[in-house]
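Listed below, chain by chain, are the residues.
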Amino acid sequence: MTPAMRKQKVLAAIVENYIATGEPVGSKALLNIMDISVSSATIRNEMADLTLGGYLLQPHTSAGRIPTQKGYRFYVDNFLKPKPLDQRLTDYIDAFLESGADSPEGILKTAAKVVSEVTDLAAVATAPSESESRIMQIKFVQTGRHTAMAVLITSSGMVKNKLFRCEFVLNGQILQVFEKALNEKLAGMELSSLTQPLIQTLAASFGELSLFMPAVLSAIKDAAQTAEEGSITVRGQIKLLYTPDIDYETARNVVAFLSRDDDIRQLFDGIGAGTNIIIGRENTLPLLFNSSVVASRYEIENQSAGVIGVVGPVRIDYGTVSSVLEYTAKSVSGFLSEIIRA
């Protein structure tokens, strides 16, 4: 074994031990952990070099070493291997997802919930952007004498609702007229095409119905705009308060991040295919400089869609978390594709 390889294995052993125990790792512990025939002095020298290189940190003069963000990154890039998941765990994840399989939104909500429960971290699930999706169907549900709900169903299976109010009394027959007229005009249209000028043009094209259409068309436009943005589900924020590796300021910053949809979209829209691990200051948002994000993209009909991810401390079990997210994303892809084909 070359000195460079030995140094890398020392770093990997320290990262893995620290992830498992949360305690600084000393040279004597390393000799017991590693299958390597060298002296304790050699190990100490390697640890000293890794510290000078910025891969390790010594919290106290007499303490062992802990990984820095740079050390975690080297480990993740060179030594991380996904951990096989227990059959009982995968069955549990699938059963949990199936309980929300009545709609795409339901699946994503249950996905965030089960990932947070399994990993004990805050979890996020994002719906895909609908900018290229089309209107598949429009339905109406009466909610009062003067109020109803416009239900917009997109070509990717997403469902968005918007309440509206009319000055006239509504009934089932009027809503059926609305459904027939609007589906004839709008079915197959791209969501991004439903602009205010188009709404005004459409309203005028309905002839005698045009006087009754403004509130209805406005509700459909708002529903389409909401669908274009893509919904975001966050679960498990409270877990941050009970995570020993997150101090108060870091927890507060992560909670602030998770409350800002624009920040979440900024981060997760940049996630590439497969599973991505973003450690500490690799995050573009200062709120996450002391946190890590692990995220996996799911697909719909073999097309890249949204993201399922977790946010937590830098010291997390990257191997297990990655495996959980990869499995969940694959299962979500299957459930969503079934809904679209139904």
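Residues numbered from 1 in each chain as written. Predicted model: local features only at pLDDT ≥ 70, side-chain atom pairs only at ≥ 80, totals over all residues. Heavy atoms only, no water.

J.: How would you summarise helix H3 (residues 40-52) if you had to cite specific residues and measurements?
T.: End to end, H3 covers 18 Å across 13 residues, agreeing with the expected 18 Å (1.5 Å per residue, within 8%). For H3, the complete set of buried residues consists of Ser40, Ile43, Glu46, Met47 and Leu50. The buried residues of H3 occupy an angular sector of 120 degrees when the element is viewed end-on, so they sit on one face. Every exposed residue of H3 that faces more than 90 degrees away from the buried side is listed here: Asn45 and Leu52. Its buried side turned inward, H3 meets helix H1 (3-21), helix H2 (27-33) and strand S1 (56-57). Glycine 54 occupies a position one or two residues after H3 and carries a positive phi of about 85 degrees. (Helix = DSSP H or I, 4+ residues; strand = E, 2+ residues; numbered from the N terminus. Expected span 1.5 Å × (residues − 1). Buried < 20%, exposed > 50% of the residue type's maximum accessible area, 1.4 Å probe, protein only. Arc of directions from axis to C-beta. Contact = heavy atoms within 4.5 Å.)

J.: Now, about the packing of helix H5 (residues 87-98) against helix H6 (residues 104-119): what can you tell me, with residues and values included?
T.: Following both chains from N to C, one finds H5 and H6 inclined at 150 degrees, their axes separated by 9 Å at the closest point. The orientation of H5 with respect to H6, classified from their angle, is roughly antiparallel. For the crossing formed where H5 meets H6, the hand is right-handed. For the pair H5 and H6, the contacting residues are Leu89, Tyr92, Ile93, Phe96 and Leu97 in the first and Ile107, Thr110, Ala111, Lys113, Val114, Glu117 and Val118 in the second. Residue composition of the contact of H5 with H6, grouped by class: nine nonpolar, one polar and two charged. (Axes fitted to C-alpha atoms, helices over the stretch in contact; angles between N-to-C directions. Parallel < 35°, antiparallel > 145°, perpendicular 65-115°, else oblique. Left-handed = near helix turned anticlockwise from the far one by under 90°. Nonpolar A, V, L, I, M, F, W, Y, C, P; charged D, E, K, R; others polar.)

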